[in-house]
Amino acid sequence: MGDLVSSRKSSNSRLPPEVNRILYVRNLPFTMTAEELYGIFGKYGAVYQIRLGEKSKDTRGTAFVIYEDIYDAKAAVDHLSGFNVGGRYLVVLYYQPAKFQRRAEKEEKQNELDELRRRVQRKKAQIAANGDN
């Protein structure tokens, strides 16, 4: 087994910078369980952790899969991206924290903007109501 690991690492010694142990999986069937994911992703190596998105929120149909070895994660991305599960094609990506942070900041700014718009509309309505008196 040691020879397999060392030969695999030497043949892929220069991995792209985006490759890491954490995978972000989208387009999962909403009925998918963590055990089913372990069955699919475990074929490519030791899975350290799986976190499924919540059923009632925007994160449903998504999961994070964390491998113990970066080369196992790469194998999973190579083989499972586009894999059909329950009539849906999986989108398997490497987790990129900066991209998720930018998305969260954008959502926060949008919520702030929406709140300011509501305040302006309330103020306009209040001024219009006072002007009618």
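Everything numeric in this text was worked out from a predicted model, so none of it was measured. (Residues numbered from 1 in each chain as written. Predicted model: local features only at pLDDT ≥ 70, side-chain atom pairs only at ≥ 80, totals over all residues. Heavy atoms only, no water.)

Novice: Could you clarify how one ought to interpret the overall build of the protein in this entry?
Specialist: Counting its secondary structure elements, the protein contains four helices and six strands. In the protein, the succession of α and β elements from N to C terminus is α-β-α-β-β-α-β-β-β-α. Sequence-distant contacts, at least 24 apart, represent 64% of the contacts inside the protein between residues at least 6 apart. Put simply, the protein shows about 9,500 Å² of open surface, and 51% of that area lies on carbon and sulfur atoms. (Helix = DSSP H or I, 4+ residues; strand = E, 2+ residues; numbered from the N terminus. Contact = heavy atoms within 4.5 Å. Areas by Shrake-Rupley, 256 points an atom, 1.4 Å probe, with all protein chains shown as cover.)

Novice: Help me understand the pattern of salt bridges, please; the structure alone is not making it clear to me.
Specialist: Oppositely charged side chains may form a pair once their charged atoms are brought near each other. The full count for this structure, using the stated rule, is five salt bridges. Taking the shortest distance from any N to any O, the salt bridge between D78 and K74 comes out at 3.0 Å. A residue pair is termed a helical-turn pair when its members lie 3 or 4 positions apart in one helix, as D78 and K74 do in helix α3 (residues 70-80) at four residues. Given a relative accessible area of 48%, D78 falls into the partly exposed group. (Salt bridge = Lys/Arg side-chain N within 4 Å of Asp/Glu carboxyl O. Buried < 20%, exposed > 50% of the residue type's maximum accessible area, 1.4 Å probe, protein only.)

Novice: It is not clear to me how empty space enclosed by the protein should be interpreted in this structure. Could you clarify?
Specialist: Which parts of space are left empty comes out when a probe the size of a water molecule is rolled across the atoms. The final tally for this structure, using the stated rule, is one cavity of 30 Å³ or more. Roughly 60 Å³ of internal volume is contained in the largest cavity. Lining the largest cavity are L28, P29, F30, M32, L52, G53, K55, R60, G61 and T62. Of the residues contributing to the lining of the largest cavity, the split by class is five nonpolar, three polar and two charged. (1 Å grid on protein atoms, 1.4 Å probe; cavity = no way out; pocket = protein on both sides within 12 Å on 5 of 7 lines; lining within 4 Å. Points joined across faces, edges and corners; volume = space filled by probe spheres on them. Nonpolar A, V, L, I, M, F, W, Y, C, P; charged D, E, K, R; others polar.)

Novice: Please explain the sheet that holds strand β1 (residues 22-26) as it appears in this structure.
Specialist: Whenever strands of a sheet pair, they do so through backbone hydrogen bonds, lying parallel or antiparallel. The strand order β2-β3-β1-β6 describes an open sheet built from four strands, whose pairing is antiparallel. Two strands bound the open sheet, and with one partner strand each, they are β2 (47-52) and β6 (91-94). Looking at each pair of strands side by side, their axes are set apart by 20° on average, direction ignored. Looking at chain direction, β2 and strand β3 (residues 63-67) are connected through five bridges and run antiparallel. Bridged to R51 within β3 is F64. Across the sheet, helix α2 (residues 34-41) lies against β1, β2, β3 and β6, angled at about 140° from β2, the strand it touches most. Sitting on the sheet, α3 touches β1, β3 and β6, and the angle it makes with β6 is about 150°. (Pairing = 2+ DSSP bridges. Axes fitted to C-alpha atoms, helices over the stretch in contact; angles between N-to-C directions.)

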